[in-house]
Structure formats: structure tokens, C-alpha cells
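Summary of structural features
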Amino acid sequence: MQQQKPAEIIDNFLIKGIFINAKSHGNGHINDTYLISTTSEKYILQKLNHNIFKNIDELNQNIIKALDHFKKKQKENPSIKKFMEPEIILCKNGNNHFKDKQGNYWRLMNFISGSTSLEVAEKPEMAFEAAKAFGYFQQKIIDLNPDDFFPIIKDFHNLEMRMKAFYNVLEKDTKNRNQFASEEIEFVKSHEHLSIKLKELLESRQIPIRVAHNDTKINNVLLDKKTLKGISVIDLDTIMPGTILFDFGDMVRTFTSPAEEDETDLSKVVLRLEIFEAMAKGYLSQLKEVLTKTEIDNLVFGGKIMTFMIGLRFLTDFLEGDIYFKTSRNNHNLDRCRTQFKLLTEIENKEDILKKIINESTTKSPKKKNATKTQKHENPQNKDYQ
Ligand code: ADP
Ligand code: GN1
Ligand code: MG
């Protein structure tokens, strides 16, 4: 049976205008993304990876629930104007997705125009803005009950389970690839303590479970093309129960190095302190008053676990034969794993200074000219985003 093309798929959704064209868009590892142009609008059409996302209806329900709440919170504070929400466009039959004849699942969203996403934060201002946008989004959904959300991917950030999956793949060595990754395999074995500490923090409930984004990599935030201010948070597929450590950690992982995730020259993978600082300040400007002390004290640990966990997932996928993440060259997942492990080493080497930066970002508020008492005690929920 012939694959259905975006041009035919789009006809099933409630779109405005007449279809003009569909172009491949973005660099995601999981879904296929198309930018759709009609005579009056632009849309983002995505073929969602059904092997990974087992229940597309639940996934979209999570997004709709989080966005509805986000919008309600925005309305309560009309001073926040410039932040845009991606929105799910329903099918003509009212469904939140369309299933084609081949069994593929498609979802349509409004395109946030005038925006750009980054692969690398070139300047501290960009890191500040992107992190502030993630922080802002999180601040608005902070009061949601995680029990009301479907766990879209079971054990998604369960490091213990990720370790088990790794050892399982390692033992089988079905693709005979263990031989190419001996250093990385040893690296994993020497980092078991990360998994143990995370388990302790979660089981003792020192770190609360919250509705979280769970995929806060830098290209999942949109900046205004002209002003480079953060204007939206996208890629909401993994909104589900999680922790702040995962979200802050994935930002550390994807903001702080000037190298791309699949860079092969590891000397380029370094942790830029000025970017970390800008990122921490941007995120915490929105959240420092609502996070617990234990969460704040463990943000750097979040950076370590996420950089380790994604490296571990890339390595496991490499050993298993590249079945999860999209790849476009030999050893792609192994190269990605190596950048993560190099960055983790950077984080470990700079841990003390990173903690100091977090400390300063949460304790000292920058002296504002003409600051008044009311500004000082302002509730972050009422803060004007712009
Ligand atoms: P994936 O899950 O595969 O990473 P994303 O949802 O992140 O897919 O989309 C891929 C890219 O498409 C993003 O990095 C961004 O550049 C662009 N994009 C996605 N949604 C929108 C949107 N609503 N408006 C504008 N651009 C978008
Ligand atoms: C995937 O969809 P994308 O490319 O934003 C992955 C994340 C990883 C990331 C690594 C559902 O994110 O968990 O951190 O790749 N998403 C899923 O770059 O597995
Ligand atoms: Mg993405």
C-alpha cells in the first residue's frame, strides 16, 4: 500500500485556507515534522512515532490538559501577552489525531510564526531567554496534579530501569558492537552511583513528582526571530509526571556546550560557565520562589543524571542496532553518547562552581533601580513575563 502524503493527510483536519505545500521541518530524533502552508495559515503536521508513543490519544490529552491550564493562568494575568501556546488542531471528526490507512498517527498544531529554534546557545542572552521560557511554562503548570496525567512512556526517566536495559543489551550483544564501545561501557559502570542517588531522592520523596515537560532540549523552545526573546515552549509529547531535576538537567545537557549533540571532535565539548549562569538565572527567575530547597540544591545533580541518562540511552541504542533514535550515519548514536559522557565529565569537574552559581542565582536578587518593597515580595505567579 502506498504511503499517504502530508498533502492528503491534511485534508482530514479543520484547517483554514487551501493547502499549498508541505516541507520537512526541524531536527527531532523521534517524529517526522512538516511545515504546512495554506493560502491563509501555517501549521506543523507531525507523524508521531507510534513505536515509541503507544497511546497517541492519551499523549494528546496530556498536552491539551496542560495547555488549557497554561492558558487559564495566562488569562488570570493579562499583563503576559507575548507568550504563544502551540495548540492542537482537531480533525473534522473531532479527534485529536488522524490515523491513516497504514496505521500511522498524525497530529496538527498551529505554527508559531516569526519564531526560531536553536541547536546551540551562542550567547548568554539566548540561554537566559530560552531557559526563562521553560521556567515560565513550568511556573504556570506547577499546581497541576501529576496523578491527572498519563505516564506516556513508562519509566522514561527511571535511571535504574535504563541501567537494567543497558546491561540486558550488553549481555546479549546481538549486533556484536560491544567491542566498539569498551570505554563507554566502562564509563557507565563507573557511574552506578548516579542511579542509586536518584532512586534515594525519589523514594524518600525528597524530590517531588511534578507535571514536567521532560524534553527541555534547547530546540524545544522558540525565540522571537527578531528580538530573540523566548516566545513559546514546544514538543509537548512528554508532558507527564516527572521532576524539575529532569527539566533543568536536560537544559544543562543541551545549553551549556557549544558543540552539537553529535559532534565528533570531543575537544569542542566543554561546559561554558557563562551560559550555565545565564541559563540558571533565566529558569530560576520564574521558579526560585516555588521550588523546594532540596530541588534547588539538586539542580546540578539533575544536570549530571540527565547528561548521563541520555548518553546511556544513546549507547544502549547503538549496541542494540539503532532502533530508537533516528540516525543518519554509522556510529551516530555512539558519537552522541561520547559527547554526553564528555559533557558529564565537564560537569563533574566544575561541580563546585556550578553549585555556587545556583546559590547566587537563588539568594541574591539583582539590585533594581527604584525597586520598591512590593516588587521585592512579588509572587512569581503574578510576575509580568516580559
Ligand atoms: P520532535 O519531537 O521530533 O523533536 P518537535 O515537536 O520538537 O519534534 O518539532 C521539530 C521542530 O519543528 C522544532 O525544533 C521547531 O523548530 C519546529 N516546530 C515544532 N512545533 C512548532 C510550532 N508549533 N511552531 C513553530 N515551529 C515549530
Ligand atoms: C528525543 O524528540 P526529541 O528529539 O526532542 C528524546 C529525548 C532525548 C532527546 C535526545 C520521546 O527528543 O528523550 O533527550 O531525543 N525523546 C523521546 O536528543 O525519547
Ligand atoms: Mg523536539
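Being a predicted model, the structure only gives us computed values, none of them experimental.

1. Thoughts on the overall build of the chain
Tallying secondary structure elements over the chain gives 13 helices and 11 strands in all. Taking 21 Å as the expected radius of gyration for a compact globule of 386 residues, we find that the chain reaches 21 Å, a close match to that expectation. A principal-axis box enclosing the C-alpha atoms of the chain has dimensions of 65 × 55 × 40 Å. Burial analysis of the chain (386 residues in total) assigns 52% to the buried set. The contacts in the chain between residues at least 6 apart in sequence include a share of 77% that link residues at least 24 apart. Approximately 18600 Å² of the chain is accessible, and the part contributed by carbon and sulfur atoms is 49%.

2. Describing the packing of aromatic side chains
How two aromatic rings sit relative to each other is set out by the distance from centre to centre and by the angle between their planes. All chains considered together, the criterion is met by 12 aromatic pairs. Taken together, the aromatic side chains of Phe-70, Phe-83, Tyr-136 and Phe-137 make up a single cluster linked through ring pairs. Directly above the aromatic system of Phe-301 lies the positively charged group of Lys-197, at a separation of 4.4 Å from the ring centroid.

3. What to know about the packing of helix α7 (residues 244-255) against helix α8 (residues 273-287)
Following both chains from N to C, one finds α7 and α8 inclined at 150°, their axes separated by 10 Å at the closest point. The interaxial crossing formed by α7 with α8 has right-handed handedness. Contact residues: Ile-244, Asp-247, Phe-248, Met-251, Val-252 and Phe-255 in α7; Ile-275, Phe-276, Met-279, Ala-280 and Tyr-283 in α8. The residue makeup of the contact of α7 with α8, split by class, is 10 nonpolar, no polar and 1 charged.

4. Focus on a nonpolar patch on the surface
The grouping of Leu-14, Ile-64 and Leu-90 at the surface amounts to a nonpolar patch, some 230 Å² of accessible area in total. The residue Ile-64 is located in helix α2 (residues 56-76) in this model. The class for Ile-64 is partly exposed, based on a relative accessible area of 30%.

5. As for the site of ligand 2
Residues in close proximity to ligand 2 total 16 residues, the closest being His-29, Lys-217, Glu-261, Arg-313 and Tyr-324. Contact distances for ligand 2 include 3.0 Å between an oxygen atom and a side-chain N or O atom of Asp-235. Tyr-324 has a polar side-chain atom sitting 2.5 Å from an oxygen atom of ligand 2. Isolated, ligand 2 exposes 450 Å² of accessible area, and the fraction of that covered by the protein chains is 97%. Broken down by element, the shell around ligand 2 gets its largest block of residues, 3 residues, from helix α10 (residues 299-320). Residue composition of the shell around ligand 2, grouped by class: 7 nonpolar, 3 polar and 6 charged. The residues that make up the shell around ligand 2 include at least three from each of domain 1 (6-111) and domain 2 (124-376).

6. Focus on the coordination of the magnesium ion (ligand 3)
Metal coordination angles have textbook ideals: 109.5 degrees for a tetrahedral set of four donors and 90 or 180 degrees for an octahedral set of six. All of the protein donors around the magnesium ion (ligand 3) are Asn-220 (OD1) and Asp-235 (OD); their distances to the metal are 2.2 Å. With a gap of 15 residues between them, Asn-220 in the loop between β8 (210-212) and β9 (221-224) and Asp-235 in the loop between β10 (230-233) and β11 (240-242) connect regions that are remote in the sequence. The class of Asn-220 is buried, set by a relative accessible area of 4%.

7. Some points on the side chain of Asp-335
Structurally, Asp-335 can be placed in helix α11 (residues 332-349). In terms of polar contacts, Asp-335 uses its side chain to reach the side chain of Arg-329, at 3.1 Å. With sequence-adjacent residues up to four places away left out, Asp-335 is seen in contact with Glu-261, Asp-262, Glu-263, Thr-264, Arg-329 and Asn-330.

8. Some points on the pairing of strand β1 (residues 19-24)
Taken across its 6 residues, β1 has 0 buried, putting it largely on the surface. Pairing of β1 with strand β2 (residues 32-38), which is carried by 5 bridges, proceeds in the antiparallel orientation. From the neighbouring strand, Lys-23 faces β2, where its bridge partner is Leu-35.

9. A closer look at the domain arrangement of the chain
How large an interface is tends to be reported as the accessible area lost when its parts come together. Domain boundaries assigned for the chain yield domain 1 (6-111) and domain 2 (124-376). Look at where the C-alpha atoms of domain 1 and domain 2 centre, and you get two points 25 Å apart. Taken over both partners, the interface formed by domain 1 and domain 2 buries close to 2600 Å², and the fraction arising from carbon and sulfur atoms is 63%. Linking domain 1 to domain 2 there are 3 salt bridges. Our count for the contact surface shared by domain 1 and domain 2 stands at 14 residue pairs in polar contact (both at pLDDT 80 or more). Considered class by class, the residues forming the side of domain 1 that touches domain 2 number 13 nonpolar, 9 polar and 7 charged.

10. Overview of the site of ligand 1
Inspection of the region around ligand 1 gives 16 residues, with Asn-110, Ile-112, Ser-117, Asn-219 and Asp-235 positioned closest. Interatomic distance of 3.3 Å between a side-chain N/O atom of Asn-31 and an oxygen atom of ligand 1. One of the backbone nitrogen or oxygen atoms of Asn-219 is found 2.9 Å away from an oxygen atom of ligand 1. Alone, ligand 1 offers 550 Å² of accessible surface; in the complex the protein occludes 94% of this. Among the residues forming the shell around ligand 1, the class breakdown is 5 nonpolar, 10 polar and 1 charged.

Conventions adopted
Along each chain, residue indices are assigned from 1 in the same order as the chain's sequence is written. Both sets of labels track the order of writing: A upward for chains, 1 upward for ligands. Per-residue local features are limited, in this predicted model, to residues with pLDDT of at least 70; the limit for side-chain atom pairs, both in listing and counting, is 80 or more; totals at the level of whole chains, interfaces and linings are taken over all residues. Only hydrogens and water are removed before side-chain values are computed, so all heavy atoms of the structure are retained for them. We count a stretch as a helix when DSSP gives it H or I for four or more residues in a row; a strand needs E for two or more, and each element gets its number in order from the N terminus. When we talk radius of gyration, it's over C-alpha atoms, and the globule rule is simply 2.2 Å times the number of residues to the 0.38. Exposure is judged per residue with a 1.4 Å probe applied to protein chains only, and the accessible area is read against the type maximum: over 50% gives exposed, under 20% gives buried, and values in between give partly exposed. Contacts: residue pairs with any heavy atoms within 4.5 Å of one another. With residues, only the protein chains shown are counted as cover, and all accessible areas are computed by Shrake-Rupley using a 1.4 Å probe. Classification of ring pairs rests on two measures: the distance between centres of Phe, Tyr or Trp rings, Trp counted by its six-membered ring, which must be within 6.5 Å, and the angle between planes, read as stacked under 30 degrees, edge-to-face over 60 and tilted in between. Both a distance and an angle decide whether a charge sits over a ring: NZ of Lys or CZ of Arg must be within 6 Å of the ring centre and within 35 degrees of the ring normal. For helices, the axis comes from a line fit to the C-alpha atoms of the stretch in contact; other axes are also lines fit to C-alpha atoms, and the angle between any two N-to-C directions lies between 0 and 180 degrees. Take the far helix as your reference; a near helix turned counterclockwise from it by less than a right angle gives a left-handed crossing, and one turned clockwise gives a right-handed crossing. Think of it as three bins: nonpolar holds Ala, Val, Leu, Ile, Met, Phe, Trp, Tyr, Cys and Pro, charged holds Asp, Glu, Lys and Arg, and polar takes everything else, Gly as well. What goes into a patch is any residue over 30% in relative accessible area without a salt bridge, connected to like charges within 9 Å or, for nonpolar side chains (Val, Leu, Ile, Met, Phe, Trp, Tyr), within 5 Å. Each reported salt bridge corresponds to a side-chain nitrogen of Lys or Arg within 4 Å of a carboxyl oxygen of Asp or Glu. Being near a molecule or strand, for a residue, comes down to having at least one heavy atom within 4 Å of it. Pairing of N or O atoms within 3.5 Å defines a polar contact, subject to two protein rules: one partner must be a possible hydrogen donor and the other a possible acceptor, and residues neighboring in sequence count only if both atoms are side-chain atoms. Domain extents, as shown, originate in an automatic or database domain assignment. Water is absent from the atoms considered, so a metal site may look incomplete; donors are defined as N, O and S atoms within 2.8 Å of the metal, or 3.2 Å for Na, K and Ca. Two strands are said to pair when DSSP picks up at least two bridges between them. When two parts are put together, the accessible area they lose, computed with a 1.4 Å probe and summed over both, is reported as buried area.

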